[in-house]
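Examining the three-dimensional arrangement
Residue strings, one per chain:
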Amino acid sequence: MIKNYDVIGDIHGHADALHRLLARLDYRERDGAHRHASRSVIFLGDFIDRGPEQVEVLRVVRAMAGAGTARAVMGNHEFNALGWATPDGAGGFLRSHSEKNEKQHAAFLAQIGEGSRGHHEALAWFASLPVWLDLGGLRIVHACWHAASQACLAATCLDSAGRFHGEGLRKAYRSGTPEHLAADVLLKGPEVRLPSGHSFRDKDGHTRHEARLRWWDREATTFRLAALGLEDRRSELLDDPVPAECRYEEAIPVMFGHYWLSGRPQLLSPTASCLDFSVAKGGVLTAYRWSGESVLSNDNLVWVAA
Ligand SMILES: [Mn+2]
């Protein structure tokens, strides 16, 4: 049986937009959870950080997951939240409590109450999220579908349902390991180091020496063509080929979030749909209504303003 899925992008604490999007998609709250007569939701992760109503977002999403009207994958912000709260056994935490990391996570910690029962419940739920979902005709991941990284994590870090186990989370945080790189690729997307001397400022004003890759773009065969967000600076980039295994060339549609796209929502290709259109930066919260098709259509995108 083909399931009908409404796939929803990064929410980042914008509960008001989430409520309006669910209403637009004909979900109604009944017995504590949003439900639809013939469809269910897949959330792409990044429920928290930045936005004003993160606790309410978690209430809605967790209620749906508990009622079986939604499934969800882990975003890098949930991965970060787990690392922030997990001692590293050497007096620190898996994710360093640096000023930059604290700033990124402060709104969540303030809203939920750091160390509170609600915080612990949220962490337990984050830990229960799989890193990706393979739904047969549809593939779901927060940032990048990458078979080699999936195999690497599955071998040593994940349980049979694709969720980090305790030791797996530690391994994925150990800098320099294949598991660390694999978690980065799946949850944050593959990056390439810019030629020496080159850098750019990202959306938060941080200086970056790596560029994200347009891994979903079959035409992006060189680093010059594949560097995301540097399309106006291609002459500065290397013309070296991107390894074929870094490009998604399969026929099964893949949906993901993470990339802070702007403007009117549209597909990246007939088999790739990024559903993060920056609701946390004044953009829109976006869903794709999937009913089993193998060729995606812009007609199935639905969105609400922030
Ligand atoms: Mn993200």
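Residues numbered from 1 in each chain as written. Predicted model: local features only at pLDDT ≥ 70, side-chain atom pairs only at ≥ 80, totals over all residues. Heavy atoms only, no water.

1. Quick notes on the coordination of the manganese ion
Just so we agree on the cut-off: Sodium, potassium and calcium take a 3.2 Å donor cutoff, other metals 2.8 Å, and in both cases only N, O and S atoms count; water is not among them, so sites may look incomplete. Burial status follows relative accessibility: with a 1.4 Å probe on protein chains alone, a residue under 20% of its type maximum counts as buried, one over 50% as exposed, and anything between as partly exposed.
On the protein side, the manganese ion has Asp46 (OD), Asn76 (OD1), His142 (NE2) and His258 (ND1) as donor atoms, found 2.1 to 2.2 Å from it. Judged by relative accessible area, Asp46 falls into the buried class, the value being 2%.

2. Focus on the pairing of strand 4 (residues 40–43)
Along any regular strand the residues' side chains alternate between the sheet's two faces. Test applied: Secondary structure elements follow DSSP: runs of H or I no shorter than four residues count as helices, runs of E no shorter than two count as strands, and numbering proceeds from the N terminus. Each pair of strands is called paired provided DSSP finds at least two bridges between the two strands. Orient the strands so they point away from the viewer, and a crossover whose first-strand-to-second-strand path over the helix runs clockwise is right-handed.
Judged by which residues are buried, strand 4 turns out to be covered on both faces: Ser40 and Ile42 on one side and Val41 and Phe43 on the other are all buried. Sheet topology note: the strand 1 (residues 5–8)/strand 4 ladder contains 4 bridges and is parallel. Across the sheet, the residue bridging to Val7 is Ile42, located in strand 4. Examined bridge by bridge, strand 4 and strand 5 (residues 70–72) share 3 bridges and lie parallel to one another. Residue pairing across strands places Val41 opposite Ala70, the latter belonging to strand 5. The parallel pair strand 4 and strand 5 is bridged by helix 2 (residues 54–67), and the resulting crossover is right-handed.

3. Considerations on the layout of surface pockets
Here is the rule: Here a cavity denotes a set of grid points, spaced 1 Å apart and computed over the protein atoms alone, in which a 1.4 Å probe fits but from which it cannot get out, and a pocket denotes an open set meeting protein on both sides within 12 Å along at least five of seven lines; residues with an atom within 4 Å of a point are reported as lining. Grid points are joined across faces, edges and corners, and a volume is the space filled by probe spheres set on the points. Any residue outside Ala, Val, Leu, Ile, Met, Phe, Trp, Tyr, Cys, Pro, Asp, Glu, Lys and Arg is labelled polar, Gly included; the first ten of those are nonpolar and the last four are charged.
Estimates place the volume of the largest pocket at around 1400 Å³. Lining the largest pocket are 44 residues, and of these Glu191, Asp202, Lys203, Arg208 and Arg212 lie nearest its centre. Where the lining of the largest pocket is concerned, the elements lending two or more residues are helix 3 (76–85), helix 4 (99–112), helix 8 (178–188) and strand 11 (210–212). When the residues that make up the lining of the largest pocket are grouped by side-chain class, the tally is 12 nonpolar, 16 polar and 16 charged.

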